[in-house]
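Each chain, letter by letter, is given below.
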Amino acid sequence: MKNTLTLAALIVTCLTFSQVKIEGVVKDSIGNPLELANVIAINQTTNKLDSYGITNDQGRYKLSLEKNTNYNIQVSYIGMKTTDEAISTKEADITKDFTLANDNSLDEVELIYEMPVTIKGDTLVYNADSFNTGTERKLEDVLKNLPGVEINDDGQIEVEGKVVSKVMVEGKDFFDGDSKLATKNIPANAVDKVQVLKNYAEVGQLSGVQNNQDNIALNIKLKEGKESFWFGTVTAGGGFSDDNGLYLAQPKLFYYSPKYSVNVIGDINNIGELAFSRRDYFNFSGGFRQPSQSSGTNINLGDNGLGFLALQNNNAKQINARFGAANFSYSPTDKLDIGGFGIYTGNKILLQENNDRVYTDANRGIPDERTESQTTQRSDLGMLKLNATYKPNANNQLDYEILGRMSQETQEQNVFSTVVGDISEYEETNPFSINQSLNYYYTLNETNIFAFEATHVIKDEDPFYNAILANDPFNNGDDPNDPYDDTAEELGMDRGQFAYDLSQNKRVKSNQLDAKLDYWNVLNAKSNINFTLGTIYSNQKFNSEIFQTLDDGSIFNNNPADYNPLNDTNYTFTDFYLGVHYRLKAGIFTFTPGLSAHAYSMKNDQFGFNYTDNFFRVLPDFNARIQLKKSEQIVFDYRMQTQFTDVNQLAEGLVLNNYDSFFTGNQQLESSLAHNISLNYFSFNMFNYTNVFARVNYTKNIDNIRTVSRFQEGSVIRVSDPFNSNFSDETFTAFGRFQRSFGKFRASVNANFNYSKFNQFIATSQNPNELVRSVNENYNQTYRAELRTNFKEAPNFEVGYRYGIQDIDQGSSRTKAYTSAPTIEFDALIWKSFTLRSEYAYTNVSREVGGSNSFDFWDASLAYRKDADAQWEFELKATNLLNTQSQTQVNAGGLSVSTNEYFIQPRFLTFRVIYNL
């Protein structure tokens, strides 16, 4: 790896010294500098665009050109005559100024090449072909080439440090709520231009009265000829692994016309290529937004899904994936737009893990534990959305959306624990939910604007859990007895069985309405005042039952003295609030102070007992923006939030989370208060393509809900219950990224620091009423550096290095772990027909005490297509060439630190045939 980095540095040095610079100033006829003027250099010999630039706020430009070469330099600016001048480079740098005259006639110099980047107001337009090298296959390959655009670790698109909220194709929504479906599936050869829409407003009527500086959308413009017919790719293939045969089929078809569009994506494979994971499914918003998200109230309905083991980097020991999605939009008139999508993803996944867990306080009798698990997951997840927008004129807009979700999931686990022994677990759930939203926007006149927004959610969740543990019914009174005997006695189970067969049925029904009415009064061109009247109504019904299945198949229920195995809870929450915000623009400053007054009511009924908590609270917030330049700003934000829990933490009956983890709620839990402060800096300099982003965030939680864990003596089995802590919890995060282009090279460095302090409470059976408080402090640091190239003809590479430090202080113990991870990616277009790609990543995870583990991955592919317009393509792809068996990581929990060995798929070799429509 060291030799690779050295070679990369030598290449950069050689190419840098082989070029000369031409720089200067572009002005108008009276000497004023012209910002955002376009300057391009066309090689007279090859007739190709060799370099381009955009002037900064002082009118300065800079180009890197080859030595001893003849060029045509073209300078253009909207509303001005284009200048074309011949220049011959020698060995020395050149200084050259240009003066542009007003364009009062139709005569102008014809632009032979489109500018790679143009700016039109708040819209930044990239010409894709100016950055493509010929090895691109999907939209994400195109986006990675664009300066200022990144694909982050979660697969989201970021522009100048801000996450893109919407992706459109030809102005039509593409699976609203997720950008990964666009980046992973839209063919690169269909992309003409990428439009970055800054200050994007979903509703044009509100663009002048809201702060939209953080809202960014992408609109993909298709190439000419791709606008009114089907296009896309169909991929089929097969191959071999160490164990079985491999297959894949991936149709991806798209149709666009001025009136309607249809997109169809399919994927069936057993090679672990997840087109849409469970995480993607549950993170998929579908474009829905809570009207109260900025009101100061934070409440969610909780998650009662299965305790599914999460995939690591979408890897597992075995993955069989099925995926299908369709998206459509239709505009029967210029006043009505109808659209929607359907998504199905089904997976069968095998996971194998070894986990070594060290608990926070071994002195209190909690033993260290090693677990070995084999898990089979099956999931079928589906969602369907329909939406309509009716806009009869510029002053009225009506939106309606409905999104339904249904799923069927199971998880089977065989676990061996050095403390508890052999455990067989089974989980099943079949939940559904329906989300609806209705929005109406009305502009009375230039100074009076109204908006009504409402969402309604219905959820029905029914998780089932079962655990079977071995038991010797003849040693219950011995010392030692079976690991689960004491737990069974406390639960009131029949201990005369040859197995403890413990199950739980649970049902949670949720109904929530979130609505608000906004009124804006535009006082003048620089200020407006906003009044908000809103409400949140939430009702949840919770039922659960723990029971034992005896050896003869009969059901046994018992009510032990300490814990009730039944739950029957009805929880209702309401919030009525009135908010006022004043927005003022003063030069480069925009101030938005505000506050909201809330009348809260919480009530829950359990087993005939009623608890009510009513109170009133005023929550202030403040936002300040400093627009230093068109693409440089500082944003300060402060918010006070009231945070409420859901019914899962209020239900006082015993809940079985896992074979070794039980939970009992607290009927009298109160809300907590959070202070959140953030400071953000954004800068994108088109003059030298320097992208700088920095963020710091601090949160302090008061009366936060914490849990006390009561461990069984000499065991890892525990019962946890929540309470409002008198001690504050704090988090602080800082992130910074610097990126700059040097000709065909782009370098970036970023650093991330995360500090959290929270209070942990623990007790054992020796002293169940004595709580020992420990202050847990976690320090996580990550540093990353990358260098990538973007040559038109030469091979391209990207080298990176990531270094991470985990410092986990849990009061009585401290753990430090270090991660070192160099990577290299290489791609080349050979003889204009072969595309070679290769990716290598090495990771070393070491602990200050406990040794180190390392693993590496190497993937490679070779594809052939006759030329860029060829319909057929053939690809040989190898995954995990080094046949790495597992990967390792260190995880910190509230009660323990664990080292996890996670097994992954073996070496795969597949041959694929791709047909381009």
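Scroll up to find the structure.
The following paragraphs examine the structure supplied in this document. (Residues numbered from 1 in each chain as written. Predicted model: local features only at pLDDT ≥ 70, side-chain atom pairs only at ≥ 80, totals over all residues. Heavy atoms only, no water.)

For the protein, the helix and strand inventory stands at five helices and 53 strands. By the compact-globule yardstick of 29 Å for 917 residues, the protein fits well, its C-alpha radius of gyration being 31 Å. For the protein, the C-alpha atoms occupy an extent of roughly 100 × 65 × 50 Å along the three principal directions. The proportion of buried residues among the 917 residues of the protein is 52%. Per element, the accessible surface of the protein, about 40800 Å² overall, is 52% carbon and sulfur. Put simply, the protein has 81 plus and 113 minus side-chain charges, and the middle of one group is 8 Å from the middle of the other. (Helix = DSSP H or I, 4+ residues; strand = E, 2+ residues; numbered from the N terminus. Rg over C-alpha atoms; globule rule 2.2 N^0.38 Å. Buried < 20%, exposed > 50% of the residue type's maximum accessible area, 1.4 Å probe, protein only. Areas by Shrake-Rupley, 256 points an atom, 1.4 Å probe, with all protein chains shown as cover. Lys, Arg positive; Asp, Glu negative; His and termini not counted. Charge placed at Lys NZ, Arg CZ, Asp CG, Glu CD.)

Quick look at a nonpolar patch on the surface now. A cluster of nonpolar side chains, contributed by Tyr 390, Leu 398, Tyr 400, Leu 438, Tyr 440, Phe 452, Leu 517, Leu 533 and Leu 578, occupies part of the molecular surface with about 800 Å² of accessible area. Of all the elements in the fold, those that place two or more residues in the nonpolar patch are strand E25 (396-417) and strand E27 (432-445). Of note, Tyr 440 is situated in strand E27. (Patch = residues over 30% accessible without salt bridge, like charges linked within 9 Å, V, L, I, M, F, W, Y side chains within 5 Å. Salt bridge = Lys/Arg side-chain N within 4 Å of Asp/Glu carboxyl O.)

What follows concerns the packing of aromatic side chains. For the structure shown, the criterion picks out 37 aromatic pairs. An angle of 85° between the planes, with centres 5.9 Å apart, marks the rings of Tyr 52 and Phe 131 as edge-to-face. Here Tyr 52, found in strand E3 (residues 49-54), pairs with Phe 131, found in the loop between strand E10 (123-127) and helix H2 (139-145); they are 79 residues apart in sequence, far enough to count as distant. Classification of Tyr 52 by relative accessible area gives buried; the value is 19%. Each ring, one from Phe 834 and one from Tyr 864, has its centre 5.1 Å from the other, and the planes form 50°; the classification is tilted. Taken together, the residues span a long stretch of sequence, with Phe 834 in strand E48 (residues 834-847) and Tyr 864 in strand E49 (residues 852-864) at a distance of 30 residues. We classify Phe 834 as partly exposed; its relative accessible area is 28%. A residue is classified by how much of its surface remains accessible, and Tyr 864, at 33% relative accessible area, is partly exposed. An aromatic cluster of at least three residues, connected via ring pairs, comprises Phe 174, Phe 175, Phe 231, Phe 254, Phe 276, Phe 284, Phe 323 and Phe 341. (Phe/Tyr/Trp six-rings, centres within 6.5 Å; stacked < 30°, edge-to-face > 60°.)

Whenever strands of a sheet pair, they do so through backbone hydrogen bonds, lying parallel or antiparallel. The mixed open sheet is built from six strands, whose spatial order is E9-E10-E16-E17-E14-E15. Both edges of this open sheet fall to strand E9 (117-120) and strand E15 (172-173), since each of them pairs with a single strand only. Pairing between strand E14 (residues 166-169) and strand E17 (residues 217-222): four bridges, direction parallel. What sits directly across from Val 167, in E17, is Leu 218. (Pairing = 2+ DSSP bridges.)

Before going further, it helps to examine the pattern of salt bridges. Within the structure shown, the criterion is met by 32 salt bridges. For the salt bridge of Asp 729 with Arg 706, the shortest nitrogen-to-oxygen distance reads 3.9 Å. In this pair, Asp 729 is assigned in strand E43 (residues 729-742) and Arg 706 in strand E41 (residues 705-711), connecting sequence segments 23 residues apart. Here the salt bridges do not stand alone but share partners, grouping Glu 273, Lys 877 and Arg 912 into one network.

Time to look at the side chain of Glu 798. Along the polypeptide, Glu 798 turns up in strand E46 (residues 796-809). Using a relative accessible area of 18% as the deciding quantity, one classes Glu 798 as buried. Excluding residues within four positions of it along the chain, Glu 798 makes contact with Glu 786, Leu 787, Arg 788, Thr 823, Ile 824 and Glu 825. (Contact = heavy atoms within 4.5 Å.)

Taken in spatial order, the four strands of this open sheet run E3-E2-E5-E6, and their pairing is antiparallel. Pairing within the sheet leaves two strands with one partner each, and these edge strands are E3 and strand E6 (83-88). Taken pair by pair, the neighbouring strands of this sheet meet at an average axis angle of 20°, ignoring direction. The pairing of strand E5 (residues 70-76) with E6 spans six bridges and is antiparallel. Across the sheet, the residue bridging to Val 75 is Thr 83, located in E6. (Axes fitted to C-alpha atoms, helices over the stretch in contact; angles between N-to-C directions.)

The phi dihedral of Leu 36 is positive, around 70°, even though this residue is not glycine. Here Leu 36 lies in the loop between strand E1 (19-28) and strand E2 (38-43). Positive phi is not limited to glycine here, since Phe 607 has a value of about 50°. The residue Phe 607 is located in the loop between strand E34 (589-606) and strand E35 (609-629) in this model.

Bringing the nonpolar core into the picture now. Counting residues in each nonpolar core, the largest one holds 54 residues, and the members touching the most others are Val 117, Tyr 126, Leu 143, Phe 174 and Ile 343. Beyond its immediate chain neighbours, meaning those up to four positions away, Tyr 126 contacts Pro 116, Val 117, Phe 131, Leu 146, Pro 147, Val 149, Asp 192, Lys 193, Val 194, Val 196 and Phe 684. With 26 residues, the next largest nonpolar core counts Ile 366, Val 415, Tyr 484 and Ile 546 among its residues. (Core = buried A, V, L, I, M, F, W, Y, C linked by side-chain atoms within 4.5 Å.)

Now for the environment of Ser 709. Inspection of the secondary structure puts Ser 709 in strand E41. Note: C-alpha distance between Ser 709 and Tyr 200 (509 residues apart in sequence) is 47 Å. For Ser 709, the side chain forms a polar contact with the side chain of Ser 720, separated by 3.2 Å. (Polar contact = N/O pair within 3.5 Å; in protein donor to acceptor, adjacent residues only side chain to side chain.)

Let us now look at the side chain of His 675. Its place among the elements puts His 675 in strand E39 (residues 672-685). For His 675, the side chain forms a polar contact with the side chain of Tyr 638, separated by 2.9 Å.

Let us now look at a negative patch on the surface. A cluster of like negative charges, contributed by Asp 472, Asp 478, Asp 479, Asp 486, Glu 490 and Glu 713, occupies part of the molecular surface. By the element assignment, Glu 490 lies in helix H5 (residues 485-490).

Judged by which residues are buried, E14 turns out to be covered on both faces: Lys 166 and Met 168 on one side and Val 167 and Val 169 on the other are all buried. Both E14 and E15 contribute to a ladder of two bridges, which runs antiparallel. Pairing of Met 168 across the sheet is with Asp 173, part of E15. Linkage of E14 to E15, two consecutive antiparallel strands, is achieved through a turn of two residues, within which Glu 170 is found at a positive phi near 55°.

Turning to the environment of Asn 752, a few remarks are in order. Along the chain, Asn 752 falls in strand E44 (residues 745-764). Sequence separation between Asn 752 and Tyr 783 is 31 residues; the distance between their C-alpha atoms is 6.5 Å. In this structure, Asn 752 is in contact with Ala 734, Phe 735, Asn 780, Gln 781 and Thr 782, ignoring residues within four places of it in sequence.

On to the environment of Val 522. Counting through the fold element by element, Val 522 comes out in strand E30 (residues 499-524). Taking the C-alpha atoms as reference points, Val 522 and Glu 446, 76 residues apart in sequence, are found 7.4 Å from one another.

Moving on, we come to the pairing of E1. Bridge analysis of E1 against strand E4 (residues 60-66) gives seven bridges, and the strand direction is antiparallel. Across the sheet, Glu 23 pairs through a bridge with Lys 62, a residue of E4. Sheet topology places E1 next to strand E7 (residues 94-95); two bridges connect them, and they run parallel. Each residue of the ladder has a partner; that of Glu 23, found in E7, is Thr 95. Looking at chain direction, E1 and strand E8 (residues 98-100) are connected through three bridges and run parallel. Residue Asp 28 lies in a different strand from E8, and its bridge partner there is Leu 100.

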